[in-house]
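Fold and geometry: a report
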Amino acid sequence: MKHSELNRGTTARRAHEVVAVFLFVSLVAGCGNYTGGGDDEEETTTLQAPTGLSQSEQVEAFETTVYPVVTQYCADGCHDTGARGGSFLFANSNITTAYQVITDAQKVDLNDPPQSRVVRRPVADFHECGSQCMQIGAEMLAEVEAWAASIEASTGSGGQLQVTAIASEEVAFADGVEQENDERYEGNLIAFYGFTEGSGDTALDTSGVSPAMNLEVDDAEWMGGHGLVMDESRLIADRESSIKLYDKIAKPGYGTGQYTVEMWINNANITQENARIVSYARSSGNRNLSLHQQEYQYAVRNRSMAADSGDDGRRELISYADDQDAREALQHVVVTYDSFFGRRIYVDSHFTGDVDDVGGARLWNWNPDAQLVVGSNRSGNNNFWRGQIRMLAIYKQALSDDQIQKNFRAGVGKRVVLSFDVGAWTGTDAELEFSVTEFDAHSYLFCQPTFVGSDLDGIRVKDIRIVLNPADGVTPPAEGQVFINVDQSLSGSQDQVSRQCSLIPKGTGPATDIFAVEFEELALFVDPVSTTPLEYTPSATALALPPEAGFRNFARINATMADLTGVDPFADRAVDPGNVDPVQSIFEQLQQQLPSSFDMRSIVSSHQVGLTKLAFEYCAELVDRPGLRQAVFGSEFEAGIPSFFESDVATAFGNATLADLMSERLTDRMMGTQQLDEQPLRSEVISDMDALRDDLATNCEAPCGVDETLSVAKGMCTAILSSAPIMVH
Amino acid sequence: MLVLLLAMGGGAQAGSLERAKRMHDRLVGVPPSDIVLGQMAQLITDGDATAAAELAMQDSNFYNTVLKNFVAPWTNVDKSVFVPLNDYTATVIGIIRDRRSFKEVLTGDIIYVGRTQQPGYSFSSNAHYEALEASGADLSDPNVLERQLQSELASDWLRSDEAAGVMTTRAAGREFFKDGTNRRMFRFTMINHLCRDLDGLMDTALSNDRIRQDVTRSPGGDSRIFLNTCSGCHTGMDPFTGAFAYFDWVGEQDDGRVEYTRGDVQDKYLINANTFPSGYITDDDQWENYWLTGSNSIFGWRTAETTGFGPQSFGQQIADSEGFSRCQVEKVFEQVCFKPPSDLDDRTEVEQIREDFETAGYDLMDVFADVAVYCTEGL
């Protein structure tokens, strides 16, 4: 952030004073007036400590050069104590005070020592120096030069003086010198609209080709920098003048049979459809030619004698959708038509590549009663195009690629040169010039900053910022500044420091907006910009907490089930990658049905259905494979002939010992043997498992044989494996 | 019998079991076995909760389940976890597993591949990793997932000083270099490694001088939109994205590959030049950090050089920042604690863990352990 002490409303004047203070000569009685700024002395820009030396070194440099001379010749009650009325105590016995005064009040000019006030006052004003004026002046000059040399030696770059603001003269936009745009190709031009009127109900055809096909402006808003904002608006020429287009282009035996429509437009959005930008039409469904925007595309219709042109030229040529040729940006859009290529569309001087498969043909079937319309259908009640139109030109010729490129390069809109005088800081005739346009209704575009002056060699420039309407407390707009990173030394008599453009928001408007330019460094002066980075400090703001517990996500569910059942989901693939593992395959089918986050609040019934199904697959693998189930249920369940799992339901679960053991083993396997505070009581879980077992066994599906015994075990396994104590963590 | 009893946590204090169970669940994604639970509980009782966390992380599920799904969303635009294993994910898992500096994810000439997996690694296919995943390969095993050099695999087109960790992997290219203007690679690097999306990185007060020509300065004819919104992202983003100027994705998404054109700026950097002709023209892969001042200086940039060429030095710039370390800790925190750092205590702890992370060589395993210890305190 720049220093803000300076009243920026007077920046330009003060900038002059920085140098003028060394030049102004006044004859003042008594101790004299050394301000060089007349009555504005209190507003003089504050010179602070030269940089490149430490504070003590800076004072020391002064103490060993100029200070002895001023204390010798000026410490007679004037500039030491002020007892005789002196305003500036640069000969004060306190060296720090003296230093501060002589720098703040700019009594020395280190750029140009002979112009220093402490030199000029005795030499030019003979101020309080009697017969020693020339001698004192010479001594002062020698010491100022010595001081400047010491600073230069310390920095290697001529030294720098720290000030509180470096600003140019102010310049009003209205005072800018209008620039001619680059030359355009205008051969065979038959209608031209620059939209420069700025107000009124008519946009003039300035082509000079009779009859003038002026456009009536309906509900469009004039832009400051040439153009019209179209929003449910219409521009329309009357029928009498519009016949010019028919006569010059289509009339049998007279018309050229070719044309070009060239425009600079800015689409308001890329969502509008069938939005008529420009038409030459008799009615909404009866046109000779039209260009409309269809979201990201441009479409051209043209009536011709070609068999495929469709009724009223309805068969359109539309730019390729994926190219997204139509954008919500200022674009140079050109449509050409000739008998060889038919229709062609150019955007920003480039042919879009869309080929007219209708081709070219004579235009003898054009309707001579058509009217030129911009921004809507002919009636002005539909097909509105929203955007800005900055220029429209119509030619009775299909422009060549080169001609289109030339006109694109010429640009559009009013362009002025604003010259900012910075000589107050450089001590030369240097000015900083910008080529400025009204970019749109809300901003100016400051382009190609170029320093101009008889001798720019060695002038340091760093960090250029454009200020809008300088006044007290006004700082440069933070947004849009492009030249912040300029950091260089100038050379020659004209030095462009950037090819780029800076976007500066409009203030009160082009009639009254005023600008100045600020710098961090210019010549010997520096106004350092703070670059202290921010430090991270943990915030004390407390957030609403999600539930402490979380639900296992899909991958954790799968891994957990694999771990707890002992089923290796990749067992079959390990044997042969071509094998299909039933459990893993089911998981891959189900995984997107399972929870993807841990947040309990996101769990819905479909998640539960999915994980239950997966649990059943794991349990089926577990129970169907003797090796796996023995590891879970124990060897007791495999002993005997038939074993537990080889018995029917009644036999198997009639063995109360094994039946109870099944509940216990499953519970311990799934929940662990340690009773944890946050888990349900083991005894209660076992009791629930027993009840489930009894229910399944009692209500088993006939014939309640071995398969149903396995099913009961699978059901019990599934119930606990998919339960909350397993899934919640 | 006594050994078994101790292993089962017989000497553990009340609460240690619960803490051990929570720690294991959160770190590994699956419940602990009785034996591991007991060992962890004992370590906690003995005052070494960090060792308990380390013990838990020996479970292969930490790599195959937790880390895989921790990283998977970083590797695609949709931030989906339902994506196959790929070289981006595998490389991050490998760096964590081998306890290498986590900064290598953005700076390293490094990639992890299946040692014996067929088909082998390919620049134009992800089949290698999909096969590795489908086989249920144990990613915790260095004999299964091994480290290699990107510059050796890509010896004919990428040098060691041009490789930049995951940013130059195939998976990242597939998602973030395909089409567009390569700003997507920057955006997702910010999301994944500074934990900020672009809307949290806007700064309209910086110079516009690196904003490319393809950005309209007057959307719909209203330059205020550009000044107040668009420029906020582009001021910082466009100077950084110079780093990727030689990268593109050629071919379709599934069988295409990263293209690197050393010395030649990709066409995608120069498209739509007439949208704003006086915008920035990219002529090499130089990048610059414009966030040394302004609101994004809060990331604590440390590297002396704040400009460079190519993605590796860009990655170094990001990885050296405080913001990078803080982001890694915050991600782990949310993964393990099931909440973001939510109050001053949490955030202060994150800063402590971040400092320890940096001091101890950017070992992310340490962060997992430290966070697990913190988030299970009080159980």
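Everything here concerns the structure above.
On a predicted model such as this, the values are computed, not experimentally measured, just so you know.

Right, let's get into the overall build of chain B. Scanning chain B from N- to C-terminus turns up 16 helices and 6 strands. Computed over the C-alpha atoms, the radius of gyration of chain B is 23 Å, within 12% of the 21 Å expected from 2.2 N^0.38 for a compact globule of 379 residues. For chain B, the spread of C-alpha atoms along the principal axes amounts to about 80 × 50 × 35 Å. Across the 379 residues that make up chain B, the buried fraction comes to 62%. In chain B, the proportion of contacts linking residues at least 24 apart, taken out of those at least 6 apart, comes to 68%. Surface exposure of chain B reaches about 12800 Å², of which carbon and sulfur atoms provide 48%. Each charge class in chain B can be summarised by its mean position, and for the 33 positive and 58 negative side chains these summaries are 3 Å apart.

Residue and element names in this part refer to chain B. Within the structure shown, the criterion is met by 55 salt bridges over all chains. Here Arg159 makes a salt bridge to Asp161, at a shortest N to O gap of 3.1 Å. Judged by its relative accessible area of 45%, Asp161 is partly exposed. Arg354 serves as the salt-bridge partner of Glu355, at 3.9 Å between the closest nitrogen and oxygen.

Another aspect to go through is unusual backbone geometry. Across the junction of Ser210 of chain A and Pro211 of chain A, the peptide omega takes the value 0°, indicating a cis bond. By the secondary structure assignment, Pro211 of chain A is in the loop between β7 (202-203) and β8 (215-218). The omega torsion across Ile641 of chain A and Pro642 of chain A is -10°, close enough to zero to call that bond cis. One can find Pro642 of chain A in the loop between α14 (626-633) and α15 (649-654). Non-glycine residue Asn188 of chain A carries a positive phi angle of around 60°. Topologically, Asn188 of chain A is positioned in the loop between β5 (177-179) and β6 (189-193). For Asn272 of chain B, which is not glycine, the phi torsion reads 50° and is therefore positive. As for its placement among the helices and strands, Asn272 of chain B is situated in the loop between β4 (257-260) and β5 (286-288).

Moving on, we get to the state of the cysteines. Residues and elements named next belong to chain B. In this structure the tally under the stated criterion is 6 disulfides over all chains. What connects to what in chain B, once the bonded cysteines are numbered by sequence position, is 1-2, 3-4. Considering cysteine sulfurs only, Cys233 is the nearest to Cys230, which forms no disulfide, with 8.2 Å between them. Relative accessible area serves as the criterion here: at 22%, Cys230 is assigned to the partly exposed category.

Let's shift gears to a negative patch on the surface. Residue and element names in this part refer to chain A. Residues Asp201, Glu216, Asp238 and Glu240 make up a contiguous surface patch of negative charge. Relative to the helices and strands, Asp238 is located in the loop between β11 (234-237) and α7 (239-250). Residue classification places Asp238 among the partly exposed positions, given a relative accessible area of 41%.

Right, let's talk about the environment of Asn64 of chain B for a bit. Residue and element names in this part refer to chain B. Locating Asn64 in the fold gives a position in helix α5 (residues 61-71). Sequence separation between Asn64 and Ala90 is 26 residues, and the spatial gap between their C-alpha atoms is 9.9 Å. Once residues within four sequence positions are removed from consideration, Asn64 is found in contact with Gly136, Ala137, Asp138, Leu139 and Ser140.

Quick notes on the rules
- By convention here, each chain's residues receive numbers from 1 onward along its written sequence.
- Naming scheme: in the order in which they are written, chains are lettered from A and ligands are numbered from 1.
- Thresholds applied to this predicted model are a pLDDT of at least 70 for local features of residues and 80 or more for the giving and counting of side-chain atom pairs; totals over whole chains, interfaces and linings are not thresholded and use all residues.
- Processing note: side-chain calculations cover all non-hydrogen atoms of the structure and skip hydrogens and water entirely.
- Secondary structure elements follow DSSP: runs of H or I no shorter than four residues count as helices, runs of E no shorter than two count as strands, and numbering proceeds from the N terminus.
- Here the globule rule reads 2.2 Å times residues to the power 0.38, and the radius of gyration is calculated from C-alpha atoms.
- Note on exposure labels: buried denotes an accessible area under 20% of the residue type's maximum, exposed denotes more than 50%, and partly exposed covers the range between, all computed with a 1.4 Å probe on protein chains only.
- What makes two residues a contact is simply this: any of their non-hydrogen atoms within 4.5 Å.
- A 1.4 Å probe and the Shrake-Rupley method give the accessible areas. Residues count as covered only by the protein chains that appear here.
- In this count, Lys and Arg are taken as positive residues and Asp and Glu as negative ones, while His and the chain termini are left out.
- All charge positions are set by atom: Lys at NZ, Arg at CZ, Asp at CG, Glu at CD.
- Salt bridge, as applied in this entry: a Lys or Arg side-chain nitrogen positioned within 4 Å of an Asp or Glu carboxyl oxygen.
- Any cysteine sulfur atom paired with another within 2.5 Å is treated as part of a disulfide.
- Like charges are joined within 9 Å and nonpolar side chains (Val, Leu, Ile, Met, Phe, Trp, Tyr) within 5 Å, but only among residues with over 30% relative accessible area and no salt bridge; these make up the patches.

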